[in-house]
Amino acid sequence: MSLGTKVKNALDEARILVLGTQVLLGFQYRSFFEGAFDRLPRTNQDLKVVGLVLLLGVMGLLVLPAARHRLVERGEDTQALHRFTINVTGAALVPFAAALGLDLFDAGWTRGPRVALVLGLAGFAVAIAFWFGIGLVFGHRPPRSEEGGEMKLEDKIVQVLTEARVVLPGAQALLGFQLAMTLMEGYDRLPDSSKDVHLAAICAIALTVVFLMAPPAYHRIVEGGEDTERFHRFASWMVMSAMATLPLGFAGELWIVIRKQTGSLGAAHASAGLALLFFYGLWFCAMLVLRASRRRRQTG
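What this report covers is the structure whose coordinates are included nearby. Because the structure is a prediction, the values reported are computed rather than measured.

## Points about the overall build of the chain
Piece 1. Across its full length, the chain holds nine helices and zero strands.
Piece 2. Along the chain, from the amino end to the carboxyl end, the secondary structure elements read α-α-α-α-α-α-α-α-α.
Piece 3. In terms of C-alpha radius of gyration, the chain reaches 21 Å, essentially the compact-globule figure of 19 Å for 300 residues.
Piece 4. Overall, the chain is about 60 × 50 × 40 Å in size when its C-alpha atoms are taken along their principal axes.
Piece 5. For the chain, buried positions account for 46% of its 300 residues.
Piece 6. Within the structure as shown, the chain displays about 14600 Å² of accessible surface, and the carbon and sulfur contribution to it stands at 65%.
Piece 7. Distance between charge centroids for the chain: 4 Å, based on 30 positive and 25 negative side chains.

Put into structure tokens, the structure is as follows:
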């Protein structure tokens, strides 16, 4: 199997995880504005916040390989990128399993605390067993080192479009929740400032979707379906632009949730700031530092 195929498979696997995450993420945001949420015990409400934070962390990890591919590897397939993608997606499974267990706990609460506890723990345990325990049963084969060689333009374009499909589900899940939220009963009770933040977050996510859908339009309308270096550059810029606006939507909605849950503007500001620091620090700052470090090693 060629290195390019391995990288594409790894990105496709990350996309599968994103597709699973988007369902829980949309539900997690929505739950804070459902009528039954206010009737939950305070501990259950706080656990919903924990679950939301875990899922945002999962999204940050799963999109990270795309950021490295664009910023560090400049669209080239490398063995380091393949190993990095495998490790990052593996790490993302742990908080995802925890968030899944918390959501099953909430579902089980409708039948009592004991059922909730059993469902939550069982869900987490089964997920960890299937995702990590299989390595103990079937063994672990480390990836073989292979040199990538010169990539064809068509392969680069396949990879950047795959990365767009990795980022898109997170944006579409949030946009669907955001638009539905304006029609929910809990939305009417929000302060005007929270509604303003919500509208700003909607604009950020709508722009993210526009960015991610621009490459197909450009490919058909401008290039007539032909693969060109110009299209590859355009698609790369659109993916990176989407990754710049997506955190604004995540942070804005987190600001609203934390303010609603705590009643504190300070806590809302802090949570949104930490979310922006996490996403931008992980996707951009850390990758740019890694790129600069690699350049120094190559020139030194």
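## A look at the packing of aromatic side chains
Piece 1. Taken as a whole and assessed by the stated rule, the structure comprises eleven aromatic pairs.
Piece 2. The interplanar angle of 45° and the centroid separation of 6.0 Å between the aromatic rings of Tyr-280 and Phe-284 together place this pair among those described as tilted. Placement of the pair is Tyr-280 and Phe-284 together in helix α9 (residues 265-299), with a separation of four residues, close to one helical turn.
Piece 3. Tyr-280 sits in the partly exposed class, given a relative accessible area of 23%.
Piece 4. The cationic tip of Arg-68 hangs over the ring face of Phe-84; the distance from NZ or CZ to the ring centre is 4.9 Å.
Piece 5. Over the ring of Phe-33 we find Lys-260; its NZ or CZ atom is 5.9 Å from the centre of that ring.

## Re a negative patch on the surface
Piece 1. On the surface, Glu-154, Asp-155, Glu-226 and Asp-227 cluster together into a patch of negative charge.
Piece 2. Inspection of the secondary structure puts Asp-155 in helix α5 (residues 153-181).

## Structural notes on the environment of Phe-84
Piece 1. Counting through the fold element by element, Phe-84 comes out in helix α3 (residues 79-108).
Piece 2. For Phe-84, a relative accessible area of 17% translates into the label buried.
Piece 3. Excluding residues that lie within four positions of it along the chain, Phe-84 makes contacts with Leu-64, Pro-65, Arg-68 and Met-287.

## What about the environment of Phe-32?
Piece 1. In this fold, Phe-32 is placed in the loop between α1 (3-31) and α2 (42-71).
Piece 2. Residue class for Phe-32 comes out buried when judged on its relative accessible area of 1%.

Conventions we followed
- Residues numbered from 1 in each chain as written.
- Predicted model: local features only at pLDDT ≥ 70, side-chain atom pairs only at ≥ 80, totals over all residues.
- Heavy atoms only, no water.
- Helix = DSSP H or I, 4+ residues; strand = E, 2+ residues; numbered from the N terminus.
- Rg over C-alpha atoms; globule rule 2.2 N^0.38 Å.
- Buried < 20%, exposed > 50% of the residue type's maximum accessible area, 1.4 Å probe, protein only.
- Areas by Shrake-Rupley, 256 points an atom, 1.4 Å probe, with all protein chains shown as cover.
- Lys, Arg positive; Asp, Glu negative; His and termini not counted.
- Charge placed at Lys NZ, Arg CZ, Asp CG, Glu CD.
- Phe/Tyr/Trp six-rings, centres within 6.5 Å; stacked < 30°, edge-to-face > 60°.
- Lys NZ or Arg CZ within 6 Å of the ring centre and 35° of its normal.
- Patch = residues over 30% accessible without salt bridge, like charges linked within 9 Å, V, L, I, M, F, W, Y side chains within 5 Å.
- Salt bridge = Lys/Arg side-chain N within 4 Å of Asp/Glu carboxyl O.
- Contact = heavy atoms within 4.5 Å.

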